[in-house]
Amino acid sequence: MCLCRYWSQRYTLFEAYDSGIYLTDDAWFGVTPEPVAQCVSCPFPGPSPVRLLLRPLNKVSLGLTSSTKYRQIAYEVAGVSPSKTTIIDLFAGVGGNAIQFALSERWDRVIAVERDGDTLACAQNNAKIYEITNEITWVHADSFEYLKLALEQPNKLHEALRIDPAATVLFASPPWGGPGYRTDDIFNLHEMEPYNLKRLHEAYKSLDYALYLPRTSDLRQIARLVPDGKKIEVVQYCIEGASKALIAWIPAEGSPHETFYYYDE
Ligand code: MGP
């Protein structure tokens, strides 16, 4: 596949690209662009070169709500209850999101899980460029296996890799089966490869989790994850007015909250 169109976006993916950022072939199209992943210290980004506008979805009948604030992932996830002190990036890739979580200084622990050793090496190199290597706990593992152990058999994990589930939030930016998703008017999340929505939800549902998905994802499929009588937020993340992806913010099963981040609106 020709990566030319992604090369022209290199500074949008990582502003520090010229400082020695490493990407794998897959990361060129799968990494979260920095302005989307970024955390800025001010509540709503002003001088940033790119502004992200949340698009109201008008899908109230599906149990979805919306807001009109400017938002970015790391900033937004930082707004969760202070009782949450650990964030796990389950598909860390080359580190786009994990680096921003660490830079936010919001978390006591940022755990980044990546199955592919070369990709993980890129992420560690990139974190070094942002001078936060030691702020991230790197896990070279299949994230489903790691999470299962962390939740069910923590004694099998090194102490440094154990978590307190009540204090943990999950972030998952899984593969979508390549850039082919763009040709679908509505992306069928049940056919997403290699992990479909059901598989992801089953693995994550006991914790609050944020799922980064194609902008055209079938909202009806996401809405079916919402417990009766509740609403969740689904947010489109845009660069220069064009959506790049959406995030479904799903509260843990049994949670009294409709979503898991809280703003002073
Ligand atoms: P894109 O496919 O390059 O679309 O990805 P773009 O830039 O909107 O192109 P257009 O010509 O259609 O307008 C947009 C964003 O989606 C990327 O920057 C990634 O953040 C995300 N993305 C794309 N893919 C294929 C994946 C994927 O497989 N997994 C994840 N997690 N994110 C992806």
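Preceding this section is the structure that the text describes.
This one's a predicted model, so the numbers in the text were calculated from it and none came from an experiment.

1. Notes on the packing of aromatic side chains
The geometry of two aromatic rings is summed up by the distance between their centres and the angle between their planes.
Next up, step 1: Under the defined criterion, the tally for this structure stands at 14 aromatic pairs.
Next up, step 2: Arranged with centres 4.9 Å apart and planes meeting at 85°, the rings of Trp 176 and Tyr 181 form a pair that is edge-to-face.
Next up, step 3: Classification of Tyr 181 by relative accessible area gives buried; the value is 11%.
Next up, step 4: Where Tyr 204 meets Tyr 209, the ring centres are 5.3 Å apart and the plane angle is 70°; that geometry is what we call edge-to-face.

2. What about the site of the ligand?
Next up, step 1: Looking at the ligand, there are 18 residues lining it, with Ser 173, Tyr 181, Arg 182, Arg 215 and Lys 244 nearest.
Next up, step 2: Here an oxygen atom of the ligand sits 2.8 Å away from a polar atom, N or O, in the main chain of Trp 176.
Next up, step 3: A distance of 2.5 Å separates an oxygen atom of the ligand from a polar side-chain atom of Arg 182.
Next up, step 4: Contact with the protein chains hides 85% of the accessible area of the ligand, taken as 650 Å² for the molecule alone.
Next up, step 5: Counting only elements with at least two residues in the shell around the ligand, the list comes to α1 (4-7) and α3 (25-30).
Next up, step 6: Across the shell around the ligand, the residue classes break down as 10 nonpolar, four polar and four charged.

3. Description of the environment of Gly 95
Next up, step 1: You can see Gly 95 is positioned in the loop between β2 (86-89) and α6 (96-103).
Next up, step 2: The sequence separation of Gly 95 and Gln 124 amounts to 29 residues, and the corresponding C-alpha distance is 7.4 Å.

4. Examining a negative patch on the surface
Next up, step 1: A cluster of acidic side chains, namely Asp 25, Asp 26, Asp 116 and Asp 118, defines a negative patch on the protein surface.
Next up, step 2: Within the element layout of this structure, Asp 116 appears in the loop between β3 (109-114) and α7 (117-129).
Next up, step 3: The exposure class of Asp 116 is partly exposed, given its relative accessible area of 36%.

5. Observations concerning unusual backbone geometry
Next up, step 1: Along the chain, Glu 193 connects to Pro 194 via a cis peptide bond; the corresponding omega equals 0°.
Next up, step 2: For Pro 194, the location among the structural elements is in the loop between β5 (168-172) and α9 (197-204).
Next up, step 3: A positive phi angle, close to 55°, is found at Glu 105, a residue other than glycine.
Next up, step 4: Tracing the chain through its elements places Glu 105 in the loop between α6 and β3.
Next up, step 5: One non-glycine residue, Glu 131, adopts positive backbone phi at about 60°.
Next up, step 6: For Glu 131, the location among the structural elements is in the loop between α7 and β4 (136-140).

6. A look at the side chain of Asn 126
Next up, step 1: Position of Asn 126 relative to the elements: it lies in helix α7.
Next up, step 2: Look past the residues within four positions of Asn 126 in its chain and what remains in contact with it is Phe 14, Gly 20, Ile 21, Tyr 22, Val 94 and Ile 99.

7. Structural notes on the pattern of salt bridges
It is possible for side chains bearing opposite charge to pair when their charged atoms get close.
Next up, step 1: If you walk through the whole model with that rule in mind, you get six salt bridges.
Next up, step 2: Across the pair Lys 205 and Glu 202 runs a salt bridge, and its minimum N-O distance is 3.0 Å.
Next up, step 3: Looking at Lys 205, the relative accessible area reads 22%, which means it is partly exposed.
Next up, step 4: Between Lys 205 and Glu 253 there is a salt bridge whose closest N-O contact spans 3.8 Å. Here Lys 205 is found in the loop between α9 and β6 (208-213), whereas its partner Glu 253 is found in the segment after β8 (242-250), with 48 residues between them in sequence.
Next up, step 5: Connected through salt bridges with shared partners, the residues Glu 202, Lys 205 and Glu 253 form a single ionic network.

What counts, and where the lines are drawn
Residues numbered from 1 in each chain as written. Predicted model: local features only at pLDDT ≥ 70, side-chain atom pairs only at ≥ 80, totals over all residues. Heavy atoms only, no water. Phe/Tyr/Trp six-rings, centres within 6.5 Å; stacked < 30°, edge-to-face > 60°. Buried < 20%, exposed > 50% of the residue type's maximum accessible area, 1.4 Å probe, protein only. Near = heavy atom within 4 Å. Polar contact = N/O pair within 3.5 Å; in protein donor to acceptor, adjacent residues only side chain to side chain. Areas by Shrake-Rupley, 256 points an atom, 1.4 Å probe, with all protein chains shown as cover. Helix = DSSP H or I, 4+ residues; strand = E, 2+ residues; numbered from the N terminus. Nonpolar A, V, L, I, M, F, W, Y, C, P; charged D, E, K, R; others polar. Patch = residues over 30% accessible without salt bridge, like charges linked within 9 Å, V, L, I, M, F, W, Y side chains within 5 Å. Salt bridge = Lys/Arg side-chain N within 4 Å of Asp/Glu carboxyl O. Lys, Arg positive; Asp, Glu negative; His and termini not counted. Charge placed at Lys NZ, Arg CZ, Asp CG, Glu CD. Contact = heavy atoms within 4.5 Å.

Keep in mind these numbers describe shape, not what the thing actually does.
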